[in-house]
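Given next are the chains, with one letter for each unit.
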Amino acid sequence: MSKAKAKTKFGAKLNISVTSGFTRLEHSNFDAYNESEILIAIIERYRARESCCPILR
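Just so you know, these numbers come straight off a predicted model, no measurement behind them. (Residues numbered from 1 in each chain as written. Predicted model: local features only at pLDDT ≥ 70, side-chain atom pairs only at ≥ 80, totals over all residues. Heavy atoms only, no water.)

(A) Main features of unusual backbone geometry. Positive phi, close to 50 degrees, is recorded for Ser-20, a residue that is not glycine. Looking at the secondary structure, you find Ser-20 in the loop between β1 (13–19) and β2 (22–29). Here the phi dihedral of Ser-51 falls at roughly 65 degrees; this positive angle occurs in a residue that is not glycine. Locating Ser-51 in the fold gives a position in the segment after α1 (36–50). (Helix = DSSP H or I, 4+ residues; strand = E, 2+ residues; numbered from the N terminus.)

Dropping the structure here:
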């Protein structure tokens, strides 16, 4: 099934961070949203938790 035929997008959107081999779920939602709207908040939480800025790849 292609996206054009589907009534909704497929599944949840997940935003994760990986530190020292551990994966942390930062945000999840089944509704459509623009990831850039929550990116700054996720980076600020990461920086507070790890005492450094994340490396974006």
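(B) Quick peek at a nonpolar patch on the surface. There is a patch of nonpolar side chains on the surface, built from Leu-14, Ile-16, Val-18 and Leu-25 and spanning about 400 Å² of accessible area. Look at Leu-14 and you get exposed, because its relative accessible area is 55%. (Patch = residues over 30% accessible without salt bridge, like charges linked within 9 Å, V, L, I, M, F, W, Y side chains within 5 Å. Areas by Shrake-Rupley, 256 points an atom, 1.4 Å probe, with all protein chains shown as cover. Salt bridge = Lys/Arg side-chain N within 4 Å of Asp/Glu carboxyl O. Buried < 20%, exposed > 50% of the residue type's maximum accessible area, 1.4 Å probe, protein only.)

(C) Geometry of α1. Taking 1.5 Å as the rise per residue, α1 with 15 residues should run 21 Å; its terminal C-alpha atoms sit 21 Å apart, in good agreement. Those residues of α1 lying buried are Ile-38, Ile-42 and Tyr-46. Taken end-on, α1 shows its buried residues confined to a sector of 80 degrees, consistent with a single buried face. Across α1 from its buried face, at more than 90 degrees, point the exposed residues Ile-40, Glu-44, Arg-47 and Ala-48. Close packing links the buried residues of α1 with β1 and β2. Positioned one or two residues after α1, Ser-51 has a phi angle of 65 degrees, which is positive. (Expected span 1.5 Å × (residues − 1). Arc of directions from axis to C-beta. Contact = heavy atoms within 4.5 Å.)

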